[in-house]
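Architecture and fold: a report
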Amino acid sequence: MLLHVEDDAATSYLLSVALDEIGLAVELHHVSDGDSALRFLHHQAEYASSPSPDLILLDINLPKKSGMDVLSEIHYSPALCQIPVVVFTSSSLTREKTQALSLGAQEFITKPANFDAFLGAVRSACSILAT
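To start, this report covers the structure provided alongside it. This is a predicted model, so every value here is computed, not measured. (Residues numbered from 1 in each chain as written. Predicted model: local features only at pLDDT ≥ 70, side-chain atom pairs only at ≥ 80, totals over all residues. Heavy atoms only, no water.)

Right, let's talk about helix α5 (residues 115-126) for a bit. End to end, α5 covers 16 Å across twelve residues, agreeing with the expected 16 Å (1.5 Å per residue, within 8%). Those residues of α5 that are buried are in contact with β1 (2-5), α1 (9-21), β3 (55-58), β4 (85-89) and β5 (107-110). Two or three places before aspartate 116, at the opening of α5, asparagine 114 has a side-chain oxygen 3.2 Å from that residue's backbone nitrogen. (Helix = DSSP H or I, 4+ residues; strand = E, 2+ residues; numbered from the N terminus. Expected span 1.5 Å × (residues − 1). Contact = heavy atoms within 4.5 Å. Polar contact = N/O pair within 3.5 Å; in protein donor to acceptor, adjacent residues only side chain to side chain.)

Bringing a nonpolar patch on the surface into the picture now. Taken together, Tyr13, Leu14 and Phe115 make up a surface patch of nonpolar side chains, about 290 Å² in accessible area. Tracing the backbone through its elements, the reader meets phenylalanine 115 in helix α5. (Patch = residues over 30% accessible without salt bridge, like charges linked within 9 Å, V, L, I, M, F, W, Y side chains within 5 Å. Areas by Shrake-Rupley, 256 points an atom, 1.4 Å probe, with all protein chains shown as cover. Salt bridge = Lys/Arg side-chain N within 4 Å of Asp/Glu carboxyl O.)

Turning next to the side chain of threonine 11. Of note, threonine 11 is situated in helix α1. A relative accessible area of 10% places threonine 11 in the buried class. Sequence-distant contacts of threonine 11, defined by excluding residues within four places in its chain, comprise His4, Glu6, Lys111 and Phe118. (Buried < 20%, exposed > 50% of the residue type's maximum accessible area, 1.4 Å probe, protein only.)

Ordered by their spatial adjacency, five strands build an open sheet running β2-β1-β3-β4-β5, and the pairing between neighbours is parallel. In this open sheet, the two edge strands, each paired with only one partner strand, are β2 (28-31) and β5. Direction aside, neighbouring strands of the sheet carry axes that sit 20° apart on average. The pairing of β3 with β4 spans three bridges and is classified as parallel. (Pairing = 2+ DSSP bridges. Axes fitted to C-alpha atoms, helices over the stretch in contact; angles between N-to-C directions.)

See below:
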């Protein structure tokens with residue numbers, strides 16, 4: 001199961017198209033802010049019966065709680081730290097990449113502008129699911 005944490009609806013749609021295009025049959029769940037991501041991961045409130053993800057694709061620039069805050073909570077939580085996280089963001093800042101990797105992100109991918117490169121980035125990010 002793949003949890004996509006992204007506030008941009010167009011990117012979420014592109015991800016679902018990309019998953020179909022690369023032939024990756026995976027259960028996809030989407031939340032659009034950091035607070036919802038943490039409720040989902042902790043099975044709280046409306047996410048009480050949510051499945052545990054095998055991979056999290058996490059944007060950095062999120063409303064309510066930043067992606068870095070979400071990543072930090074995942075990193076320091078014994079219940080969550082084993083879930084692989086790939087930061088999938090529009091940011092290309094070196095300091096954000098360094099911080100994300102130090103907080104346990106498996107990979108830091110800057111979202112490409114064209115669809116072919118986007119497909120490659122999704123394929124790379126989701127390669128964790130095949131292992």
